[in-house]
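Per-entry structural report
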Amino acid sequence: MAEAADFQGTSPSPARRWLRRTTALIAGVPLLAGLLQLPAAGPAHADGRAAPADSDSGTVAVAVDSLSPAVPRDGDTVTVSGTVTNNGKRTITDAHVGLRVGPPLNTRSAIDAVAKNSDGLQESLGSAIDDKYVEKFSKLTPGVAEHFNISVPVSELDLGQDGVYQLGVALSGQTSAQPWEQILGIQRTFLPWQPDGAGTKTKTTFLWPLVSTTHMAAETGPNEQQTPVFLNDDLAKEISPGGRLNQMVTLGKDLDVTWVVDPDLLASVDAMTRSYQVRDGDETTNGTHQTVAKQWLAELQDAVADKEVVALPFADPDLASLAHNGTDITGSLSQLKDATDVVANTVEPILHVKPSTDFAWPVDGAVDRSIVKVATSAGADKVIARSDSLQESNGLSYTPSAARPIGGGTTAVVADARLSRAFEGDLTRASASTQAVQRFLSQSLTLGLQTGKERSIVVAPQRMPSGSQARAMAEALTALQGGTWSESQDLTAAAAAKPDPNASTKVPGGSSYPSSLRKKELPRSAFQQIAETQGKLDNFKVVLSDPSRVVTPFGRALNRGMSTSWRGRATEASSFRDGVETYLDGLTSRVRLIDKSETKLSGRSATIPVTVQNNLVQDVGPLVLRLTSTNPTRLEIDGAAYQEQPVSVSGGHSQSVKFTTSANANGRATVIAQLYTMDGRKYGAPVTFDVKVTEITATVMLVIGGGVLLLVLAGFRMYTQRKRAATRENEKGDPETDDVTDGPENPENPDERPQQESEQRSRAGDPEQPSDPAPDTAAEEGDPSGTGERVDR
């Protein structure tokens, strides 16, 4: 039976193979007759479920939770541990777990084939290792998992030539229905074997991404520090001990990797080191994770101190969505340029290292010509693609180096798809994680054995690995960097490596872009909304005395609206964009015109006040306030159809602007007040109100004229009386001082002066005359006009 289980090309020595074959033949003779009389065992299910009722094959699930060392050397002892679980209905007796070694897997596709059906019993099982390296169980009860741990010297595995070997962990036993020994479950994994150093090592670049979802809102506090507001407290969980991003930093600091960071993540954590708030329903609460944020940043600064750091544009914009749905929207490409320009003022001040901004990284490395064009529009000249997108068309029998010149001075850095996707999926189970690690190492070694040429290989994993995925990545990298066939290399060096002349450089067209990825793209409406919000922001910032208080938070919020992290979260993405626009509308509306009711003019001309209110904390202006008459033949504004006046308003105050009007006819005229920016764009909503000119009759004019005549006569009487009194006073004075009196003395009437003095004393007690000057009036109010208000004339 051992012979039947062998693969062609097994490497053990001839003597050992002869001994195993002889032993197997002798052991098999007593069973042969019985086997010929029994029905053949039915096929086992690949997922470990029970096979048909007449067979117990495949009823045991075998899980390999640990294989150490992952890359063995001469003299090592390989330890395999895990669990076996009886998923059948019958108890298994005389059970034991043993190891089996298959022949080398010489191609990368062969590794994929074994991994795809790693628990199948129909495939060859490999040669059994000596029976002394087994773990026995008296019985396996249905539904119960039993742990096993087997250690075997490498020398007992009979590994020959360099390469990747199948290592099968099999559970054998018997049941009451089939009372003979048989393999009831198996799990295959991989054992990379190259004890001696390779003549030419593969240069491997592994990207270590620090990317998260959007956490900060556009909203900030009105205080001088502009306290930021977070959408939730999820970021604090990610950077806390045990969190995903905390593990990424802790694991990555000991690895030779290229860090790929989103500046938005750094800016968000940096904001958490100071005062910040977190939304809690309709309210906000004070954030409390400043210490955690400071600790995470300190550890990250230490981890990247001597490493290469590649910075993505701010908030990691979705290049493919922009290329496919946003390029025809005015301003969309400008958003990408802004997201790139802000990197210099974000990453270096926080991490204290100068990042590279030469690389663009589309989602999953999937590219087409439009994506490459957009990716390089903001200054990047290198695009991180993946080999399942930019595929080889020349029938190469080996994997070429990553760097490919694709025209226009652009280099495509093509990451290896098999290695890049090795850590996807659910790796929370130890068995899944171990399988991912061994498969990654095996693919890497097989790639290195393809040719004796030196090559540069890039690994670009998923953007946001989970904690379990990150741990598996770190385990695999630790083993790889301690192996004999690979050495680490920075991404910049990989991009600058000499390209393989036989490698494909043809960028595919848009029709080849995966439909599964296209379905998750940001829609065209998203870019339209971002452009509209940007237009509102441009209109708003020009009226502010300190535009940076809105340009910075809203500019970054618009960048976040284009983030790759929104893929597959269309509802959340739409809600975020709506929130940004709504908040901006709310701020804009705090600078507005006060509504006016109908205004009455009781004369041919008057001034009409219009009030501008500023509820912002900062000053606004200059704005232009235009008052327009819709019927200038009836009512003119400063002799024309409209009049404009500049206006500036301090923060938290209101300012009234007066316009001179003249009525040409009685009746009602509609007037429109509208604010404009200095460059002529409308600002805010207009205020429309009616002006009613009341009728002026001849009787009213006669009364007004009579009143004026009486005032004139009273003034003339006062003048003459005072003149006479002054004359009398002069006549009674000293003749020697006549030259300084107001008038000549009357010698003909010496009693006139006493009489004049008597009259003056009498007048001193007179009541105030109607013609006397009126006192100053109170200051005019700047509050909005009331119903039926009358205006100044």
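Each chain carries its own residue numbering, running from 1 in the written order of its sequence. Restriction of local features to residues with pLDDT of at least 70 applies here, the model being predicted, together with a cutoff of 80 or more for giving and counting side-chain atom pairs; totals for whole chains, interfaces and linings are based on all residues. Note: side-chain values were computed over all heavy atoms of the structure, leaving out hydrogens and water.

1. Topic: the pairing of strand β3 (residues 92-105)
For the record, the criterion: Whether a residue is buried, partly exposed or exposed follows from its accessible area with a 1.4 Å probe, protein chains only, as a fraction of its type maximum: under 20%, in between, or over 50%, in that order. A helix here means a DSSP run of H or I that spans at least four residues, while a strand means a run of E at least two residues long, and both kinds are numbered starting from the N terminus. DSSP bridges decide pairing: two strands pair if at least two such bridges lie between them.
Most of β3 sits out of view: twelve of its 14 residues are buried. By the bridge criterion, five bridges tie β3 to strand β5 (residues 135-140) in an arrangement that is antiparallel. In the strand pairing of β5, isoleucine 92 is matched with leucine 140. Sheet topology note: the β3/strand β7 (residues 163-174) ladder contains nine bridges and is antiparallel. Each bridged residue has a counterpart across the sheet, and for valine 97 the counterpart in β7 is leucine 171. Looking at chain direction, β3 and strand β4 (residues 127-128) are connected through two bridges and run antiparallel. Across the sheet, valine 101 pairs through a bridge with serine 127, a residue of β4.

2. A word on the packing of aromatic side chains
Just so we agree on the cut-off: The pairing test for Phe, Tyr and Trp rings, Trp by its six-membered ring, is centres within 6.5 Å, and the orientation test on the planes gives stacked under 30 degrees, edge-to-face over 60, and tilted for anything in between.
Counted by the stated rule, this structure contains seven aromatic pairs. Ring geometry for phenylalanine 206 versus tryptophan 208: centroids 6.2 Å apart, planes at 50°, classification tilted. For the pair formed by phenylalanine 206 and tryptophan 208, the shared burial category is buried. On the numbers, 5.4 Å between centres and 35° between planes, the contact of tryptophan 566 with phenylalanine 576 is tilted. Note that tryptophan 566 is positioned in the loop between α18 (548-560) and α19 (570-588) and phenylalanine 576 in helix α19, a separation of ten residues in sequence. Look at tryptophan 566 and you get buried, because its relative accessible area is 5%.

3. Quick word on the nonpolar core
This is how it is decided: The nonpolar core is taken to be a set of buried Ala, Val, Leu, Ile, Met, Phe, Trp, Tyr and Cys residues, with the residues joined through side-chain atoms within 4.5 Å. It only takes one pair of heavy atoms within 4.5 Å for two residues to be counted as in contact.
Within the largest apolar cluster, 73 residues are counted, with the highest numbers of intra-cluster contacts made by Phe540, Phe554, Leu593, Leu625, Leu627, Val647 and Leu675. If we skip the residues at most four places from it in the chain, leucine 675 touches Leu593, Val612, Leu623, Val624, Leu625, Val647, Arg681, Lys682 and Tyr683. One finds Val269, Trp296, Ala311 and Leu477 within the second-largest nonpolar core, a separate group that totals 65 residues.

4. What to know about helix α5 (residues 244-252)
Taken across its nine residues, α5 has seven buried, putting it largely inside the fold. When α5 is considered as a whole, its buried residues turn out to be Arg244, Leu245, Asn246, Gln247, Met248, Val249 and Gly252. Each element contacted by the buried residues of α5 is listed here: β9 (202-210), α4 (234-239), β12 (258-261), α6 (263-272), α7 (290-303) and α14 (467-481).

5. Some details on the confidence of the model for the protein
Residues shown with low pLDDT carry predicted positions that ought not to be read at fine detail. Which entries qualify depends on this criterion: For every residue, the predictor states its confidence as a pLDDT score lying anywhere from 0 to 100.
Averaged over all residues, the pLDDT of the protein is 86; the fraction at 70 or higher stands at 83%. Across residues 1-54, confidence stays below pLDDT 50; counting only partners more than four residues off in sequence or on other chains, it has 68 contacts. Note on residues 735-788: pLDDT under 50 across the span, and 57 contacts to partners over four residues away in sequence or across chains.

6. A few points about the sheet that holds strand β13 (residues 277-280)
Applicable threshold: Only the contacting stretch of a helix is used when fitting its axis, a line to C-alpha atoms as for every element, and angles between N-to-C directions run 0 to 180 degrees.
Here we have four strands laid out as an open sheet, ordered β10-β11-β13-β14, and mixed in their pairing. Looking along the sheet, the strands with just one partner apiece sit at the ends: β10 (216-220) and β14 (283-286). Put simply, the sheet's adjacent strands are angled 40° from each other on average, direction ignored. Note: β10 against strand β11 (residues 228-230), two bridges, orientation antiparallel.

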